[in-house]
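# Close look at the chain arrangement
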Amino acid sequence: MRLFVKARSFLRNLFRHRDVEADLDQELHSHLELLIAENIRAGMPPHEARRAARIELGGVEQVKEQVRDSRAGAFFDSLLQDLRFALRQLRRSPGFALTAILILALGIAANVIVFGVVQALVLRTLDVPHADQVMTLQPKHGGPFLSYPEVRDVRDANTAFSAVAAFEIQVSAWKPMASPGPSGEPK
Amino acid sequence: LGSEQTSLLQGTLDLLILKSLIAGEMHGLGISRRIQQISGGTFDVKPGSLFPALHRMEEEGWISAFWGDSENNRRAKYYRLTKPGRKQLEAETKRWGRISLAIAQALEAS
């Protein structure tokens, strides 16, 4: 219940800002009128009554500012003000704004590219079922490569894996190099 | 008026506002004058403290506000105590009783 009341005030302060402000303005002006009426009843001349009332109220804008600070969501209010201020400042010095935007764009683009490469080469698993069970086979001696007859021998003698397959790496300027070898899935 | 400036403890203003509204619905100036009256002129609540407190307490749901006509036919924003406000007044009254008792005890100790 209490949370509901607070949430409602918060939303009203955020989305019906104009109404809330108009209400506050009316309230403070009616307060001033009441003070003046009180002073006149106490026997002051109208001019003096108005002056004394203004002194007692102590500045409509200051009181408004104090009320704003006590509202639910005063934080978001000042955040919006800061954002508007930042935008104004950026518009005032477009050279700085453009430089900042370009540097940010470059930084973000570089990150996206590096992540894309890492994602493709390291993070993504092979597009086969049970990719975590796929192994690469390499001969213990004599380099990382197996000839096709050797692959056939491995396949025929295989008891550890459910299947054995070979792949060939074609080295070209744009393809990443990787160590070749037959691969298979354990049973 | 020349009333003695006594600064209010945090939370005490809420208590005084809730207490003054027990007498019935009132506008801001009425509440301020009522607090002056029931505190024997000790507390003169300035608009700069009164209105933030009223708006905060309305957001807490302890009081509700509505626009009405004042005694001399001017529009004024009135406040009235809600059910949670009455509960809050009870709780705050108890809390204040404990605090003032403890302070009195502390000052009597030698």
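The numbers attached to residues start from 1 for each chain and follow its sequence in the written order. Here chains are named by letter from A upward and ligands by number from 1 upward, in the order in which they appear as written. Thresholds applied to this predicted model are a pLDDT of at least 70 for local features of residues and 80 or more for the giving and counting of side-chain atom pairs; totals over whole chains, interfaces and linings are not thresholded and use all residues. Excluding hydrogens and water, the side-chain values take into account all heavy atoms of the structure.

### Some words on the overall build of chain B
What counts as a helix is a DSSP run of H or I of at least four residues, what counts as a strand is a run of E of at least two, and both are numbered from the N terminus. In terms of helices and strands, chain B carries four helices and three strands. Its helices and strands in sequence order give chain B the pattern α-β-α-α-β-β-α, from N to C terminus. When a residue's accessible area, from a 1.4 Å probe over protein chains only, is under 20% of the maximum for its type it is buried; when over 50% it is exposed; and in between it is partly exposed. The burial tally for chain B puts 45% of its 110 residues in the buried class. Should any heavy atoms of two residues lie within 4.5 Å, those residues are considered in contact. Look at the contacts in chain B between residues 6 or more apart in sequence, and 49% of them connect residues 24 or more apart. To measure how exposed things are, a 1.4 Å probe is used in the Shrake-Rupley method; for residues, cover is taken only from the protein chains shown. Surface accessibility of chain B: about 6,200 Å² in total, with carbon and sulfur atoms responsible for 53%.

### Thoughts on the confidence of the model for chain B
Residue and element names in this part refer to chain B. Confidence scores here are pLDDT values: one per residue, from the predictor, ranging 0 to 100. A residue-level look at chain B finds 91% of positions with pLDDT of 70 or above and a mean pLDDT of 87. The spread of mean pLDDT over the elements of chain B runs between helix α3 (residues 47–60), the lowest at 91, and strand β1 (residues 26–27), the highest at 94. In this model, residues 1–5 is a region of pLDDT below 50 whose contacts with residues beyond four sequence positions or in other chains number four contacts. Complex prediction metrics read pTM 0.61 and ipTM 0.81.

### A closer look at a nonpolar patch on the surface
Residues and elements named next belong to chain A. To count toward a patch, a residue needs a relative accessible area above 30% and no salt bridge. Like charges then connect within 9 Å, nonpolar side chains (Val, Leu, Ile, Met, Phe, Trp, Tyr) within 5 Å. By definition here, a salt bridge exists when the distance from a side-chain nitrogen of Lys or Arg to a carboxyl oxygen of Asp or Glu is within 4 Å. A contiguous nonpolar patch, built from L11, L14, F15, F75, F76, L79, L80 and L83 and spanning about 800 Å² of accessible area, is present on the exposed surface. At the level of secondary structure, the elements contributing two or more residues to the nonpolar patch comprise α1 (2–15) and α5 (74–92). In terms of residue count, the dominant contributor to the nonpolar patch is α5 (five residues). Given a relative accessible area of 40%, L79 falls into the partly exposed group.

### Description of the environment of F10 of chain A
Residues and elements named next belong to chain A. Residue position: F10 is located in helix α1. Considering only alpha carbons, one finds F10 and R71, 61 residues apart in sequence, at a separation of 7.9 Å. Leaving out residues up to four positions away in the same chain, F10 has contacts with A72, G73 and F76.

### Considerations on a positive patch on the surface
Together, R84, R88, R91 and R92 of chain A give the surface a local cluster of positive charge. Tracing the backbone shows R92 of chain A in helix α5. For the purpose of counting charges, residues Lys and Arg are taken to be positive, whereas Asp and Glu are taken to be negative. His and the chain ends are not included. Where a charge lies is defined by one atom per residue type, namely NZ (Lys), CZ (Arg), CG (Asp) and CD (Glu).

### What about helix α1 (residues 12–21) of chain B?
Within an α-helix, residues lying three or four positions from one another point in the same direction, as the helix has 3.6 residues per turn. The element α1 of chain B is extensively covered by neighbouring structure, given that nine of its ten residues are classed as buried. The secondary structure elements touched by the buried residues of α1 of chain B are β1, α2 (28–38), α3, β2 (63–69), β3 (75–81) and α4 (83–108) of chain B.

### Overview of the sheet that holds β3 of chain B
What makes two strands pair is DSSP finding at least two bridges between them. Spatially, three strands are ordered β1-β3-β2 (chain B) in an open sheet, and the strand pairing comes out antiparallel. One side of each edge strand has no neighbouring strand; the edge strands of this open sheet are β1 and β2 of chain B. In this description, a line fitted to the C-alpha atoms serves as the axis of each element, helices being fitted only across the stretch in contact, and the angle between N-to-C directions of two axes falls anywhere from 0 to 180 degrees. Lying on the sheet, helix α2 (residues 17–41) of chain A is in contact with β1, β2 and β3 of chain B; it crosses β3 of chain B at an angle near 105°.

### Brief notes about the side chain of T82 of chain B
Residues and elements named next belong to chain B. Along the chain, T82 turns up in the loop between β3 and α4. We call two N or O atoms a polar contact when they sit within 3.5 Å, provided that within protein one can donate a hydrogen and the other can accept it, with sequence-adjacent residues counted only if both atoms are side-chain atoms. Polar contacts involving the side chain of T82 include one to the main-chain carbonyl oxygen of G61, which spans 2.6 Å. T82 has contacts with G61, W62, I63 and S64, leaving out every residue within four places of it along the chain.

### Side note on the pairing of β3 of chain B
All names here are of chain B. Burial analysis of β3 places five of its seven residues in the buried class, the great majority of the element. Of the pairings in the sheet, the one linking β1 to β3 comprises two bridges and is antiparallel in character. The partner of H27 across the bridge, within β3, is Y78. One ladder, built from seven bridges, connects β2 with β3; its direction is antiparallel. Note that in β3 the partner of D69 across the bridge is R75. The hairpin formed by β2 and β3 contains five residues between the paired strands, and N73 there has a positive phi angle of roughly 60°.

### Looking at the interface of chain B and chain A
Taken residue by residue, the interface counts 24 residues in chain B and 27 residues in chain A. When two parts are brought into contact, each loses some accessible area as probed by a 1.4 Å sphere; the total of that loss over both is the buried area. Both faces considered, chain B and chain A share a buried interface measuring about 2,300 Å² in area, 54% of it formed by carbon and sulfur atoms. For chain B, the biggest contributors to the area lost against chain A are L29, F51 and E59 of chain B; these three give 28% of the whole. One can count five salt bridges joining chain B with chain A. A salt bridge links D23 of chain A to K77 of chain B, with the shortest nitrogen-to-oxygen separation between them at 2.5 Å. Linking chain B with chain A are eight residue pairs in polar contact (both at pLDDT 80 or more), by the criterion used here. Taken together, the elements giving at least two residues each to the side of chain B that touches chain A come down to α2, α3 and β3 of chain B.

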